Amino acid sequence: MMLQAQLHCLCLFTLYLTTGYGQEGKFSGPLKPMTFSIFEGQGPSQIIFQFKASPLAVTFKLTGETDDIFQIQPDGLLYHSKALDRETRAVHKLQVSALDAHGNTVEGPVPITIEVKDINDNRPVFLQPKYEGSVRQNSRPGKPFMYVNATDLDDPATPNGELIYQIIMQLPKVNNVMYFQINNKTGAISLTLEGSQELDPLKNPSYKLVVSVEDMGGQNEHSFSDSTSVDIMVKENIWKTPEPVEIEENSTNPYPIKITQVRWNDPDALYSLVDKEKPSQFPFSIDQEGDIYVTQPLDREEKDAYVFYAAARDEHGKPLAFPLKIQVKVKDINDNPPTCPSTVTVLEVQEDEQIGSSIGTLMAHDMDEENTMNSVLRYRIVDQTPKVPRDGLFLVQTYSGTFQLAVQSLRKRDTPQYNLTVEVSDKDFKTLCFVQINIIDINDQIPIFEESDYGNLTLPEDTAIGTVILTIQATDADEPYTGSSKILYRITQGDSEGCLEIETDPQTNTGYVKVKKPLDFEAVAVHNIVFQAENPEPLALGVQYNASSSATFRLIVTDVNEAPQFSQQVYQAKVSEDVAKGTKVGNVTAKDPEGLDISYSLRGDKRGWLKIDPVTGEIFSVAPLDREAESLYQVQVVATEVGTHASLSTKHTGFEERVYHIPVRISDGGWPPLEGTVSLAVTFCKCVEDRCFQPAGHMPGIPTVGMTVGILLSTFLVIGIILAVVFFQIKKNKGQHNVESAQASEVKPLRN
């Protein structure tokens, strides 16, 4: 259970401070080499910069690529009197000199560079108002078959000159599917996957596209655009998949043999064959005319079909289109005789089988193609040994190979075995197969248990799975090592939970009873088991299983003290370090399999921060928590059974009639544990109508009934005193409990 707690959060704020500075000196300064960037298209009389010279200078002089645009005043003020045009001149190289009153240069000249920055003042224009092209059907998608081109006078290094192409219309547009696509950067037009598959000159011999081009990457509402039309003719593609080919196996014709051909639409294509299976021997080839050959005899029984691909490439080795699938089927000839499934096929028949009964089937095989006349087999019996009591006792169905009794039932005393020679043939070949038919005894004897009652057995409930707890044995008088004498055991009563299983030794028919699932004293303490012995072979007519095929067994399951179980192994809690003492931080829950009460205690509370209610399992804080001292605090919770009583039972029944003194040791859960021993007197005597009487001929040392009662009362008094001491010690140790059969569970973590 997740423990509820308050959570304090600390948030970190960061304050960033910035410092401003004045703009003085931005547009004026000493005479020195400088570069200025000015957008084209700005109005006239735009101030660029004011130069300051030495006191000797009285005026300034401007030279270079002024183009009657740039001027300078005597006080050094540089400006342009007309709008700039990047497409006319992108960079102006100027020189500025400072002159004295006599026109002599006192400073400079210094180079001044004016870079004209582009604005989007030019629209893109297609090089042609109309484009024409052609494409073949089934061409490879994505491979360009034509281009459209546009230009823009704006700077191509800026978005102003970045052009984007787009198909805005396709006519006709079938089923609203685009058959063409364009590379938006290069203007390359190619087929889409649908276009590669669907274009057909017989359906639509031509298509018209409207293509647009837009500058500024098409991402600005102030972009300029242009459009053009593209007419595309669809040509027939002779690069087509040929029809599947059939080749007769083991042909004696001279090789290589031409079997089919492929052709690319244009000459000079380079052809090759590709087999994805990559066999060690590939029996096909292709020449540079596209003719495909088989190069050697094929064997259908080795491989009945081939699938490979023909590829066409250009002179650079690039594919011109999709490879074509070539399918070759190897045609069967009758070149394989029938084969027997084994040296001898063994069948069995019971001696009382009726005429016409099916005995079994001979499954011969022919490697030739199935469901053809080459593999249809016929069966015929050509010999029977011995011929007693007569020949022709068996017949075989001609096409299925199934044997039947032909004239009479068989008797094992006549002969226990028959050997048949069977001819198996197809339309050209014959093979002899051998069949052995064994006559087996009928199942007219039932299994009989050697013991009808296997007595009692006491086992603790924690007996390991797989333990053999009992050996049972039944015998069968039928013929050994047959289905009539083989014995299978099963449990018919007393084990509805499926805790037991029986394994049978096939040689001895011995049954081994094993524990299959854990025994459970709380569920079933006593199992009254009934075993049934049966044969896998059906019993002969009129024979039935009876009580001799059954046996009983009593399994007594004893209790094992099982430790309590927590509902979960790890409990976690989050708690603030400033919680008040006595705050509940959570609780744990455990359950005892025997249903006993449980007491809870803590281990590992090294700082003494916590306490637990021994009855409810609720955990409370009892001291201030300190995150800096312990941010992750781990303790263990121990669940312990409360020891309120004990029971005494016997392990067997063969006791002598007398008084038995049984020492009983009682210990508490303290540390170190305190313990005491009492002697419990138990009298075994003859009982009549559930009452015990003193046996006849009283012998010395055997207590009377009164003595027995006194002994028991004294014993209970001593036990009471010891229990009082134990509980006093428990209280003294502040709730320490017996840790035997206890299960510990960690409570973690307690963190801020």
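A brief report on the enclosed structure follows. Computed from a predicted model, the values in this text were never measured in an experiment.

1. Looking at the overall build of the protein chain
(1) Moving on: On a plain count of helices and strands, the protein chain comes out with two helices and 52 strands.
(2) Moving on: The buried share among the 752 residues of the protein chain stands at 37%.
(3) Moving on: Taking as baseline every contact in the protein chain between residues at least 6 positions apart, the subset at least 24 positions apart corresponds to 68%.
(4) Moving on: For the protein chain, the computed accessible surface area is about 44300 Å², with 52% contributed by carbon and sulfur atoms.

2. Examining the sheet that holds strand β13 (residues 164-171)
(1) Moving on: The mixed open sheet is built from four strands, whose spatial order is β10-β17-β16-β13. A single partner strand is all that each edge strand has here, and the edge strands are β10 (130-136) and β13. Geometrically, the sheet is characterised by an average inter-axis angle of 30 degrees between neighbouring strands, direction not taken into account.

3. Quick notes on the pattern of salt bridges
(1) Moving on: Per the counting criterion, the structure on display carries 25 salt bridges.
(2) Moving on: When the shortest N-O distance is used, the salt bridge between Glu-65 and Arg-89 registers 3.4 Å. Of this pair, Glu-65 sits in the loop between β4 (59-64) and β5 (70-72) while Arg-89 sits in the loop between β6 (77-80) and β7 (91-99), and the two are 24 residues apart along the sequence.
(3) Moving on: We note a salt bridge from Glu-301 to Arg-300, for which the minimum N-O separation is 3.2 Å. As far as burial versus exposure is concerned, Glu-301 and Arg-300 are alike and both buried.
(4) Moving on: Several salt bridges share partner residues, and in doing so they unite Glu-65, Asp-67 and Arg-89 into one network.

4. Considering the side chain of Asn-120
(1) Moving on: Positionally, Asn-120 belongs in the loop between β8 (105-117) and β9 (125-126).
(2) Moving on: Excluding residues that lie within four positions of it along the chain, Asn-120 makes contacts with Asp-154, Asn-160, Asp-215, Met-216, His-222, Ser-223 and Phe-224.

5. Details of a nonpolar patch on the surface
(1) Moving on: Together, Val-344, Val-346, Val-382, Leu-432 and Phe-434 make up a nonpolar patch on the protein surface, roughly 410 Å² of accessible area in all.
(2) Moving on: Its place among the elements puts Val-346 in strand β25 (residues 345-350).

6. Describing a negative patch on the surface
(1) Moving on: Taken together, the side chains of Asp-462, Glu-497, Asp-520, Glu-522, Asp-559 and Glu-562 present a region of like negative charge at the surface.
(2) Moving on: Positionally, Asp-559 belongs in the loop between β39 (550-558) and β40 (565-566).

7. Remarks on the sheet that holds strand β33 (residues 453-460)
(1) Moving on: Reading across from one edge, β33-β39-β38-β35 is the order of the four strands in this open sheet, with mixed pairing throughout. Single-partner strands in this sheet number two, and they are β33 and β35 (488-493). For this sheet, the mean inter-axis angle between neighbouring strands, taken without regard to orientation, is 30 degrees.
(2) Moving on: Here six bridges tie β33 to β39, and the two strands are oriented parallel to one another. Across the sheet, residue Thr-458 finds its bridge partner in β39, namely Ile-556.

8. Notes on the state of the cysteines
(1) Moving on: Taken as a whole, this structure holds one disulfide when the rule is applied.
(2) Moving on: Through a disulfide, Cys-340 is tied to Cys-433; the S-S separation comes to 1.9 Å. Judged by the sign of its S-S torsion, about -95 degrees, the cystine formed by Cys-340 and Cys-433 is left-handed. With a gap of 93 residues between them, Cys-340 in the loop between β24 (324-331) and β25 and Cys-433 in strand β31 (residues 430-440) connect regions that are remote in the sequence.
(3) Moving on: A residue is classified by how much of its surface remains accessible, and Cys-340, at 27% relative accessible area, is partly exposed.
(4) Moving on: Since its relative accessible area comes to 1%, Cys-433 is described here as buried.

9. Things to note about the packing of aromatic side chains
(1) Moving on: Scanning the entire structure with this criterion turns up 19 aromatic pairs.
(2) Moving on: Pairwise contacts between aromatic rings join Phe-145, Tyr-179, Phe-180 and Tyr-207 into one cluster.
(3) Moving on: Here the basic side chain of Lys-276 rests over the ring of Tyr-309, its NZ or CZ set 4.9 Å away from the ring centre.
(4) Moving on: One residue, Lys-303, lies across the ring of Tyr-306, its end atom 5.3 Å from the ring centre.

10. Things to note about the nonpolar core
(1) Moving on: By size, the foremost hydrophobic cluster in this structure holds 24 residues, and its most contacted members are Val-262, Phe-284 and Val-328.
(2) Moving on: Looking at this core, the elements that each hand over two or more residues are β18 (245-248), β20 (270-274), β21 (284-286), β22 (291-294), β23 (305-313) and β24.
(3) Moving on: With near-sequence residues (within four places) excluded, Phe-284 lies in contact with Ile-247, Ile-259, Leu-273, Tyr-293, Val-294, Thr-295, Leu-298, Tyr-306, Phe-308 and Val-328.

Thresholds, definitions, all that
Residues numbered from 1 in each chain as written. Predicted model: local features only at pLDDT ≥ 70, side-chain atom pairs only at ≥ 80, totals over all residues. Heavy atoms only, no water. Helix = DSSP H or I, 4+ residues; strand = E, 2+ residues; numbered from the N terminus. Buried < 20%, exposed > 50% of the residue type's maximum accessible area, 1.4 Å probe, protein only. Contact = heavy atoms within 4.5 Å. Areas by Shrake-Rupley, 256 points an atom, 1.4 Å probe, with all protein chains shown as cover. Pairing = 2+ DSSP bridges. Axes fitted to C-alpha atoms, helices over the stretch in contact; angles between N-to-C directions. Salt bridge = Lys/Arg side-chain N within 4 Å of Asp/Glu carboxyl O. Patch = residues over 30% accessible without salt bridge, like charges linked within 9 Å, V, L, I, M, F, W, Y side chains within 5 Å. Lys, Arg positive; Asp, Glu negative; His and termini not counted. Charge placed at Lys NZ, Arg CZ, Asp CG, Glu CD. Disulfide = S-S within 2.5 Å. Phe/Tyr/Trp six-rings, centres within 6.5 Å; stacked < 30°, edge-to-face > 60°. Lys NZ or Arg CZ within 6 Å of the ring centre and 35° of its normal. Core = buried A, V, L, I, M, F, W, Y, C linked by side-chain atoms within 4.5 Å.

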